[in-house]
Amino acid sequence: MMAGNTASTGTVRVALVGAGGICNSVHLPSLRSMPDVEVVAVCDLIPERAAATAQKWSIPKSYTLMREMFAAEKIDAVFCLVEPGSMFYVAMLALQHGYPVFCEKPPGITSCQADALARRSDSLGKPVMVGFNRRFIPVVREAKKHLAAAKSITQVEGCFYKYGSGDRFDLGGLTAFASDTIHAVDLLRYLSGAKTARKTALLAQALDCPMENQWNGIMEFDNGVHGIIKANYLSGGRVHQFQVHGIGMAAFIDLGFGEGRAQADILTHSGAVSYSLASSGQASETVTHLDGKQLAGSSEFYKYYGYYFEDRHFIDCLKSGQTPECCIQDARESLRLVEQLLASRL
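Remember, predicted model here, so these are calculated numbers, not experimental data.

*Asks:* Can you tell me about the overall build of the protein, naming the residues and giving the values?
*Replies:* Broken down by element type, the protein carries 12 helices and 14 strands. For the protein, whose C-alpha radius of gyration is 21 Å, the value lies close to the compact-globule estimate of 20 Å for 346 residues. Taken across its 346 residues, the protein has 54% of its residues classed as buried. Pairs at least 24 residues apart make up 70% of the contacts formed inside the protein by residues separated by at least 6 positions. Working note: accessible area of the protein is about 14,600 Å², and carbon and sulfur atoms make up 52% of it. One way to put it: in the protein the 33 positive side-chain charges average out to a point 4 Å from where the 34 negative ones average out.

So this is what it looks like as structure tokens:
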């Protein structure tokens, strides 16, 4: 357990650092819909952006300097919503001022930075949660519940395809694999139930780009589950899908095909084995469809895609004193796995 700054029944006073797209499109809609959360201030190095965000969301104060905000405001937690190259310094400063921290992924640009955040979190007894929102997508969590009925999980597979430039992430200071595909890497680790990988191998190349923008990797996790990761940032468009295979059961999770989707199909076998539709016909197999918007109770992207639920989880942990599920001590393992994959290029 880690200490929060607020009573279990009180209002949680939140300050935001970073007033860009992800702040305005998903985190502020989530936080402002929670009656027990008060957004007291927003900080951004671009004064006009901070002021515009404060005006749009009726936030009382805007700042350009974090230290001034920390000195002037009564704050229970800080949301760090900045680019990866700045994340470590922003999150560490908030921790040093004694605040619990929610930070967007990745939690720094190296596992060394993530380790430092974990050590400081431990020493201060203040939680740091990392925004790997795919874990909190309702259809993902529901699929994982269904898979608990399988005898064991044996294989996981995930992909992230887009069309764009591989050198745009963090102004080219971080590969798309480390900055963006890490979402898929983390979800594979989460779905496999593993902490680390024993072995990895990766094929990577740069296609019409100064930086790598295509990757195909394999992993053997520490629990024996095998993983496959595929990414291409010069493909036909956004595709984000996952497969989880257990003995007699599989989940096919669709988080995007040209649009943001949230749906899954659970395939379950029973009865006699049939290897060939042509020779012996259809086997006894049941398909259960999961509708992510229905599970989320909303067609709003920030809700059915997990952002609301990860923010809600963080707030609830602050109020209960529990350690967040996606704490820095766990989330850093996904950054380590990304580094391990990149270091095992063939």
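*Asks:* So, the side chain of Asp186: which residues are in play, and what are the values?
*Replies:* When you line up the elements, Asp186 lands in helix 7 (residues 176-192). In this structure Asp186 touches Phe132, Arg135 and Ser334, once residues within four positions along its chain are discounted.

*Asks:* Just give me the short version of helix 12 (residues 328-343), but keep the residues and values in it.
*Replies:* In this model helix 12 runs 22 Å from its N-terminal to its C-terminal C-alpha over 16 residues, within 8% of the 22 Å that 1.5 Å per residue would give. Those residues of helix 12 lying buried are Ile328, Gln329, Ala331, Arg332, Glu333, Ser334, Leu335, Leu337, Val338, Leu341 and Leu342. Those residues of helix 12 that are buried are in contact with helix 5 (111-124), strand 6 (128-131), helix 7, strand 8 (197-205), strand 9 (214-221) and strand 10 (226-232).

The rules behind each value
Residues numbered from 1 in each chain as written. Predicted model: local features only at pLDDT ≥ 70, side-chain atom pairs only at ≥ 80, totals over all residues. Heavy atoms only, no water. Helix = DSSP H or I, 4+ residues; strand = E, 2+ residues; numbered from the N terminus. Rg over C-alpha atoms; globule rule 2.2 N^0.38 Å. Buried < 20%, exposed > 50% of the residue type's maximum accessible area, 1.4 Å probe, protein only. Contact = heavy atoms within 4.5 Å. Areas by Shrake-Rupley, 256 points an atom, 1.4 Å probe, with all protein chains shown as cover. Lys, Arg positive; Asp, Glu negative; His and termini not counted. Charge placed at Lys NZ, Arg CZ, Asp CG, Glu CD. Expected span 1.5 Å × (residues − 1).

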